[in-house]
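Residue-level listing of the chains:
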Amino acid sequence: MLERNKIYCCEVLEGLKQLDDESVDLIITSPPYNLAGFRGTIVNESSKHNIWHKNIKYGGDANLDNMPEDEYEQWQIDFLNECFRVLKKDGSMFYNHKVRVKKNKISFPLEWIDKSKFITRQIIVWDRSSSMNMDKCRYIPSTEYIFWLIKERKNPRFKRDNNAQFISEVWKFAPDKNNEHPAPFPITLPDNIIPSVAQGERILVLDPFSGSGTVAVSAKKHGCDYIGFDLIQEYVDKANDRIFHTI
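Heads up: these notes are all about the structure in this document. (Residues numbered from 1 in each chain as written. Predicted model: local features only at pLDDT ≥ 70, side-chain atom pairs only at ≥ 80, totals over all residues. Heavy atoms only, no water.)

Side note on the sheet that holds strand β10 (residues 225-230)
Then, number 1: Overall, mixed pairing links the eight strands, which are arranged β1-β10-β9-β2-β3-β7-β6-β8 in an open sheet. In this open sheet, the two edge strands, each paired with only one partner strand, are β1 (6-9) and β8 (170-172). Taking the axes of each pair of neighbouring strands and ignoring which way they run, one obtains an average angle of 20° across the sheet.
Then, number 2: Summarising the sheet, strand β6 (residues 119-127) and strand β7 (residues 143-150) pair through eight bridges and their orientation is antiparallel. Residue pairing in the sheet places Val125 in a bridge with Tyr145 of β7. (Pairing = 2+ DSSP bridges. Helix = DSSP H or I, 4+ residues; strand = E, 2+ residues; numbered from the N terminus. Axes fitted to C-alpha atoms, helices over the stretch in contact; angles between N-to-C directions.)

Here's what the structure looks like:
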């Protein structure tokens, strides 16, 4: 079992393999969306108004957003199944992803989530109130989804914190615009989850795609332990420094 309260530089599946079975209470994460790889299959849908045709560079020479779509979906299934293994029986995973468009047909993450071992307990809508996709051929997409995944068909460890900012299944807050990472979510997201699961106890929170360390910062703020992984050493160093300076 890895040492707690540290972000590790490693590939996500290799990192997960170093965690014991049923050792994690809560997983909150958002993987790369593979928008460049997905967009590569689109016919006659490019537009000068649409900036998603550009690859998202996650640092160095790595481009984690440009995989063949079938490989990406299988990677996510394998990833979810490893998360299933390390999660406690009463644990929860909150998996942030979005709808994508391929040849004028949407692709919804449940298409691969349902092929994993997880049970989808609830779908939370994140209303971002903004969009990077300004394609004029459709209504502007401004939502993402947070899939609440569990292992068993019974209530997981959870008691809604009525002091949380959002208690319905639609959460409205803007993306984090003051972050050097290319695809961060704001701390509001994990802040709305961790207290309801922890219930005042020091649980272990995992973010397998740690990025700028937002989930770990929230875990520390709420008196919980954390573990995270990221493939890019630059982001690992910045995340560990950010967490260290969190009160």
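There's more to say after this.
Quick word on the pattern of salt bridges
Then, number 1: Applying the stated criterion to the full structure yields 13 salt bridges.
Then, number 2: With a closest N to O distance of 3.0 Å, Arg4 and Asp225 form a salt bridge. Separated by 221 residues along the polypeptide, Arg4 in the segment before β1 and Asp225 in strand β10 bring together distant segments of the chain.
Then, number 3: With a closest N to O distance of 2.6 Å, Arg85 and Asp21 form a salt bridge. You can see Arg85 sitting in helix α3 (residues 69-86) and its partner Asp21 sitting in the loop between α1 (12-17) and β2 (24-29), a full 64 residues away along the chain.
Then, number 4: Assessed through its relative accessible area of 23%, Arg85 is described here as partly exposed. (Salt bridge = Lys/Arg side-chain N within 4 Å of Asp/Glu carboxyl O. Buried < 20%, exposed > 50% of the residue type's maximum accessible area, 1.4 Å probe, protein only.)

Topic: the nonpolar core
Then, number 1: If you look at the biggest cluster of nonpolar residues, it comprises 32 residues, and the most contacted ones within it are Leu16 and Phe79.
Then, number 2: Looking at this core, the elements that each hand over two or more residues are α1, β2, α3, β3 (87-97), α4 (110-113), β7, β9 (204-207) and β10.
Then, number 3: Of the residues forming this core, the biggest block, eight residues, is contributed by α3.
Then, number 4: Listed in part, the 30 residues of the second largest apolar core include Leu26, Ile146, Ile193 and Val205. (Core = buried A, V, L, I, M, F, W, Y, C linked by side-chain atoms within 4.5 Å.)

Overview of unusual backbone geometry
Then, number 1: Phi at Asn5 takes a positive value of approximately 60°, unusual for a residue other than glycine.
Then, number 2: Its location among the elements puts Asn5 in the segment before β1.
Then, number 3: For Asn5, a relative accessible area of 35% translates into the label partly exposed.
Then, number 4: One non-glycine residue, Gln199, lies in positive phi territory at about 50°.
Then, number 5: Tracing the backbone through its elements, the reader meets Gln199 in the loop between α6 (194-198) and β9.

Description of the side chain of Ser218
Then, number 1: As for its placement among the helices and strands, Ser218 is situated in helix α7 (residues 214-221).
Then, number 2: For Ser218, a relative accessible area of 0% gives the class buried.

Examining the state of the cysteines
Then, number 1: Counting across every chain of the model gives zero disulfides.
Then, number 2: The structure places no disulfide on Cys9, whose sulfur is separated from the nearest cysteine sulfur, that of Cys10, by 7.1 Å.
Then, number 3: Classification of Cys9 by relative accessible area gives partly exposed; the value is 35%. (Disulfide = S-S within 2.5 Å.)

Comments concerning the side chain of Asp225
Then, number 1: On the accessibility criterion, Asp225 (9% relative accessible area) is buried.
Then, number 2: Separated by 3.1 Å, the side chains of Asp225 and Asn5 make a polar contact.
Then, number 3: Looking at Asp225, its side chain comes within polar contact range of the side chain of Arg202, at 2.9 Å.
Then, number 4: Apart from the residues lying within four places of it in its own chain, the contact partners of Asp225 are Arg4, Asn5, Arg202, Ile203, Leu204, Val205 and Ala219. (Polar contact = N/O pair within 3.5 Å; in protein donor to acceptor, adjacent residues only side chain to side chain. Contact = heavy atoms within 4.5 Å.)

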